[in-house]
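# Summary of the model geometry
Listed below are the residues making up each chain.
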Amino acid sequence: GKPNGQFRVASGGQALDFLADLPVAELPGVGPTLKGKLKELQITHVRQVWSTSRERLQRLLGTKTGLALWQFAHGRDDRSVEPPKVRKSVGAEVNWGIRFDGPEDADRFLQQLATELAQRMRVAGVRGKCVSLKMKRRQEGA
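Every value quoted in this text rests on a predicted model; they were computed, and no experiment measured them.

A few words on the nonpolar core. Core analysis: the largest hydrophobic core is formed by 16 residues, its most contacted members being Leu27, Leu38, Val49, Leu57 and Leu69. Secondary-structure elements contributing two or more residues to this core are helix 2 (32–40), helix 3 (46–50), helix 4 (54–61) and helix 5 (63–73). In terms of residue count, the dominant contributor to this core is helix 5 (four residues). Once you skip the residues sitting within four places of it in the chain, Leu69 turns out to touch Leu27, Val30, Leu38, Val49, Leu57 and Leu61.

Of note in this structure, Gln42 is not a glycine but carries a positive phi near 60 degrees. Owing to a relative accessible area of 60%, Gln42 belongs among the exposed residues under this scheme.

Turning our eyes to something else, we now look at the environment of Gly36. Relative to the helices and strands, Gly36 is located in helix 2. The class of Gly36 is partly exposed, set by a relative accessible area of 29%. Remark: the alpha-carbon pair of Gly36 and Ala25, spanning 11 residues in sequence, is separated by 9.6 Å.

This part covers the packing of helix 4 against helix 5. When two helices pack together, their arrangement is given by the angle between their axes and by how far apart the axes lie. Packing of helix 4 against helix 5 brings their axes to within 6 Å, and their N-to-C directions diverge by 140 degrees. Here helix 5 runs oblique to helix 4, going by the angle between their axes. In this structure, helix 4 meets helix 5 at a crossing whose hand is right-handed. Only Thr63, Thr65, Gly66, Leu67, Leu69 and Trp70 of helix 5 make contact with helix 4, whose side of the interface consists of Arg54, Leu57, Gln58 and Leu61. Broken down by class, the residue content of the contact of helix 4 with helix 5 amounts to five nonpolar, four polar and one charged.

The next point concerns the pattern of salt bridges. Applying the stated rule across the entire model yields five salt bridges. A salt bridge links Arg47 to Asp21; its shortest N-O distance comes to 3.1 Å. Taken together, the residues Arg47 in helix 3 and Asp21 in the loop between helix 1 (13–20) and helix 2 connect sequence positions 26 residues apart. With relative accessibility at 43%, the residue Arg47 sits in the partly exposed group. Between Glu116 and Arg120 there is a salt bridge, and its shortest N-O distance comes to 2.7 Å. Note that Glu116 and Arg120 are positioned in helix 6 (residues 103–124) at a spacing of four residues, about one turn of the helix.

Criteria and cut-off values
Residues numbered from 1 in each chain as written. Predicted model: local features only at pLDDT ≥ 70, side-chain atom pairs only at ≥ 80, totals over all residues. Heavy atoms only, no water. Core = buried A, V, L, I, M, F, W, Y, C linked by side-chain atoms within 4.5 Å. Buried < 20%, exposed > 50% of the residue type's maximum accessible area, 1.4 Å probe, protein only. Helix = DSSP H or I, 4+ residues; strand = E, 2+ residues; numbered from the N terminus. Contact = heavy atoms within 4.5 Å. Axes fitted to C-alpha atoms, helices over the stretch in contact; angles between N-to-C directions. Parallel < 35°, antiparallel > 145°, perpendicular 65-115°, else oblique. Left-handed = near helix turned anticlockwise from the far one by under 90°. Nonpolar A, V, L, I, M, F, W, Y, C, P; charged D, E, K, R; others polar. Salt bridge = Lys/Arg side-chain N within 4 Å of Asp/Glu carboxyl O.

Here's what the structure looks like:
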């Protein structure tokens, strides 16, 4: 395949052959909640969507969701292909409780966090103009 697991599927029969045995979770818009609803309906693969009428899917899943699922399962997707968005921020955060015994511990922690952020920025190929630090203090008694 091409980069990022992408590869070309010709239109027509080859596209439908490719779609037939895909899990429905591979279709656009099918997240955990919709996947669960479909599983309750014994629909786990695209081939099973094919054997369900568009009207039934719309009745059970809602007009827009049912139609979108039916179209994607039949290889129909009218959305335009957009280039990836330019990354505007890079971050590093730790959001679990950290306790410092003194200012040296805080300095060491911030140095490690800054090093991690710098590495992520190098990998992303970006430079920064602004660095934001968000710090929360624990509540008394917590």
